[in-house]
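Observations on the model geometry
Here's the letter readout for the chains.
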Amino acid sequence: MGPRQRDLFDLEPPPWVLDDTSEHGVAVVVFAEVPYGPYDYEVPDLLRAQLQVGARVEVPLGRGDRMRVGYCIAVEQRARAGRPLKPLRRVVDARSLLSPAILRLTHWMSAYYLCPLGQVLDAVLPASVRDQAGTRAQLFLRVLPEVVAQLAALRLPAKQAEALQILALAPQGLTPDELARAVGCTQAPIHTLRRKGLVQEEMRRVQQVALAAPSRESAAPWSLNDDQQRALETILAPLRRPSHETIVIHGVTGSGKTEVYIRAIEEVVSYGRQAIVLVPEISLTPQTRRRFESRFERVAVLHSHLTPADRHAHWRRIAGGDVQVVVGARSAVFAPTPHLGLIVIDEEHDASFKQDTAPRYHARDVARERAQAEQVPLVLGSATPSLESWYAARAGAYRLVEMPRRVSSLPLPDVATIDLRTRSGGRRDRGAISQPLYQAVREALRDGGQVILLLNRRGFSTTIQCPDCGHVVKCPHCDIALTHHRVGGKARCHYCDYDIDSPLACPACRVEGIRYAGLGTQKLELEVRARFPDVPCLRMDSDSMAKPGSHEAALDRFRAGEIKILLGTQMIAKGLDFPNVTVVGVINADTALHFPDFRAAERTFQLVTQVAGRTGRGAQGGRVLVQTYSPEHPAIVAAQHHDYAAFARDELPIRAQFGYPPTAAMVRVVMRGPIEACVAAFAQHVAAQLHAAAARCHPAPRLLGPVPAPLPKLRGDYRYHLLLYHPQHAALLDVVRAGTQQLQPPADVLWIVDVDPVDML
Ligand code: ADP
Ligand code: ZN
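Residues numbered from 1 in each chain as written. Chains lettered and ligands numbered in written order. Predicted model: local features only at pLDDT ≥ 70, side-chain atom pairs only at ≥ 80, totals over all residues. Heavy atoms only, no water.

So, on to the nonpolar core. Judged by nonpolar contacts, the single largest core of 86 residues is most densely connected at L51, L88, M109, V366, V669 and M671. Excluding residues within four positions of it along the chain, M109 makes contact with L114, V120, V124, F334, P359, Y361 and V366. In terms of nonpolar packing, the next biggest core, distinct from the first, is built from 39 residues, I452, L607, V608 and A639 among them. (Core = buried A, V, L, I, M, F, W, Y, C linked by side-chain atoms within 4.5 Å. Buried < 20%, exposed > 50% of the residue type's maximum accessible area, 1.4 Å probe, protein only. Contact = heavy atoms within 4.5 Å.)

Structure below.
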């Protein structure tokens with residue numbers, strides 16, 4: 001980012017000192033697109049009073065002086081020197097869109113994720129806020145006290161005089177319509193006052209939507225059990241000091257974590273402060289929302305189906321301090337709460353907290369930074385904490401609270417594995433459901449219970465392969481096997497949505513009878529319907545739940561008992577609470593186990609544990625059956641015993657041995673483009689630059705690659721990646737910054753840096 005970097009960190013908005021004429025006002029401006037800046041602009045005298053740090057401005061850029069909108073990130077008084085600066089043309093936002101705290105946070109993100117500040121700002125501010133969605137320009141009239149003082153001398157007609165008197169009582173001003181209504185006159189007298197210049201005119205933006213106030217049913221809270229009480233006190237201690245602390249709540253599913261969050265937030269609210277609760281997008285259900293709305297008066301739920309106007313209205317309410325609790329997905333970590341008191345991240349291990357476009361931030365790390373800066377506690381809750389959080393807790397950087405029991409002493413469900421390699425576990429007729437699982441489902445249904453079946457692959461058949469020549473039908477853009485979808489008979493790419501009619505003959509050798517293999521949720525659904533003919537069943541995956549609201553509607557039907565068997569992808573594994581589910585079946589626990597990803601075991605452990613948590617929540621108890629080809633794998637054994645600590649004990653030494661996170665920092669550089677040779681050559685060049693930079697660092701970071709990425713071609717682009725590891729995050733970033741500073745990729749080749757990557761494909 002060049003020589004101005006230094007300025008990005010001393011950020012207190014400087015006071016406006018205007019009397020010294022040898023100095024002038026300089027606005028520092030950054031852009032969301034190349035060139036990112038920062039650039040300096042002269043602030044014309046006329047615009048000085050209007051300009052706030054954190055507002056957008058329109059400025060001329062480049063030789064042609066094309067007008068561009070950028071963010072003003074600092075305003076400084078400087079002695080005039082050297083070449084005169086270009087003046088900024090217009091102030092776009094009358095008020096700053098960013099509080100000093102959020103602005104500071106964006107500087108941290110820019111430095112930590114190696115992402116231009118303008119791009120970070122664009123991500124932090126919702127587009128609806130930038131566009132002022134749902135507002136319109138409205139004329140307001142006001143009257144100056146001097147005019148009112150001379151009212152008698154003006155000898156105005158009665159209506160005009162009355163209008164001025166009424167205006168004098170409205171310091172915020174009135175619209176012409178409001179004024180006419182208050183006076184009981186037409187627009188004519190008002191028009192005359194405007195023509196005579198007796199009133200001041202001002203255009204302001206006003207909100208068009210009125211947000212509906214939710215009905216509030218006051219829930220009678222139980223008294224907390226001992227584990228909950230202990231967890232609550234751990235949060236309240238730093239809250240009362242007040243100071244920052246990160247608290248990891250490792251609580252089994254159903255241990256009453258949410259109730260603990262709510263009690264802590266009640267305390268926050270009693271101080272007149274606000275809380276932010278982050279949950280995975282998929283958990284932003286009406287139930288979650290009702291749970292918070294039943295306990296707090298003013299809740300803003302930020303979900304992805306909000307209209308831009310509603311999103312903007314929420315943002316304004318939050319910024320105005322009018323909201324007590326903000327509940328939302330990843331980006332809610334930027335909620336502009338004026339007096340933050342607490343941040344909670346529920347299901348903190350969830351991969352959706354990492355953004356996969358620039359800035360590639362992780363909400364957990366941004367939240368920690370924000371909580372630290374604003375001196376408030378951060379709570380990370382999960383039944384399966386990320387190893388990052390666990391490791392930090394073990395090292396003493398975070399405080400750990402265990403909640404090992406379910407509320408009301410319900411036991412955790414029994415988990416049994418079914419070895420798919422053996423005869424008894426073998427699948428009858430090559431079906432997906434083994435005999436023991438079939439029996440368990442039958443018994444559950446006979447006893448009036450409900451069943452959940454997890455299969456983490458959508459579609460019908462996951463490969464289409466010729467038995468003669470071995471040809472696999474792949475996406476021409478992605479080099480990935482197409483998945484056969486029964487509806488419409490299409491073979492579809494799960495990355496780019498490319499599809500063809502599913503072939504009957506081999507496209508390569510023309511032999512008829514190409515084979516459809518591999519199991520997807522659609523095929524599982526067919527098998528369930530065939531083997532449990534009269535049992536109402538429902539498939540839940542991103543194909544069947546494409547419409548907004550269909551996910552909640554389906555869950556409502558399941559909760560009501562109308563559906564007996566719910567089958568689907570990980571969508572069904574998360575955070576749902578159904579007391580009547582007595583059997584959970586995992587169709588294939590190994591789907592994630594053999595991914596080329598160092599977190600494969602962790603993902604598998606999380607998925608099995610989370611889905612197992614969906615049962616045994618009622619008096620009838622519950623069982624979990626896990627079908628697997630590797631029942632002895634430590635991640636599966638640990639999940640079977642509900643033993644997170646054992647999983648971490650097995651896994652952390654492996655991470656340490658290979659220098660993987662969380663024992664080291666990691667950066668991934670991905671290069672892509674339509675011509676493989678160009679991408680490969682550029683990747684070599686990047687590697688050479690990074691090696692040169694690494695040579696100046698002691699100890700040197702480990703650098704792997706460049707190699708084709710595990711998904712070597714996506715959407716028409718060939719992909720290569722480089723992986724860097726180092727024990728120290730800061731040292732690693734220095735190397736990556738130095739090694740990528742002068743990069744000039746050839747046309748058509750793009751590259752990205754992913755700090756703390758989650759997606760390894
Ligand atoms: P978690 O978030 O750990 O999965 P929840 O907070 O959702 O757990 O609690 C699980 C269930 O137990 C919820 O239905 C909740 O209403 C109930 N619950 C929570 N705390 C108590 C308590 N102290 N006594 C009785 N029921 C409780
Ligand atoms: Zn594709």
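Once you've had a look at it, read on.
With that settled, the discussion passes to the sheet that holds strand β27 (residues 702–714). Read across the sheet, four strands follow the order β27-β28-β26-β29 without closing on themselves; strand pairing throughout is antiparallel. In this open sheet, the two edge strands, each paired with only one partner strand, are β27 and β29 (750–755). Strand-to-strand twist in this sheet, taken as the mean axis angle between neighbours without regard to direction, amounts to 20 degrees. Bridge count between strand β26 (residues 665–673) and β29: six bridges; the pairing is antiparallel. Looking at β29, one finds that V669 is bridged to V753. Sheet strands touched by helix α22 (residues 676–695): β26, β27, β28 (717–726) and β29. Its angle to β28, the strand with the most contacts, is close to 15 degrees. (Pairing = 2+ DSSP bridges. Helix = DSSP H or I, 4+ residues; strand = E, 2+ residues; numbered from the N terminus. Axes fitted to C-alpha atoms, helices over the stretch in contact; angles between N-to-C directions.)

This paragraph deals with the packing of aromatic side chains. Within this structure, the stated rule accounts for 14 aromatic pairs. A ring pair is formed by F658 and Y660, whose centres lie 5.8 Å apart and whose planes are at 25 degrees; its orientation type is stacked. Overall, F658 belongs to the partly exposed group, its relative accessible area being 41%. The positively charged end of R68 is found above the aromatic ring belonging to F31, 4.7 Å away from the centroid. It is R702 that lies over the ring of Y725; its NZ or CZ is 4.5 Å from the centre. (Phe/Tyr/Trp six-rings, centres within 6.5 Å; stacked < 30°, edge-to-face > 60°. Lys NZ or Arg CZ within 6 Å of the ring centre and 35° of its normal.)

Attention now goes to helix α12 (residues 286–293). Every buried residue belonging to α12 is among T288, F292 and E293, and all of these are buried. The arc that holds the buried residues of α12, viewed along the axis, is 125 degrees, so those residues lie on one side. Tucked inside the fold, the buried residues of α12 contact α11 (257–270), β9 (274–278), β10 (299–302) and β11 (325–328). (Arc of directions from axis to C-beta.)

Just geometry here; none of it tells us what the structure is for.
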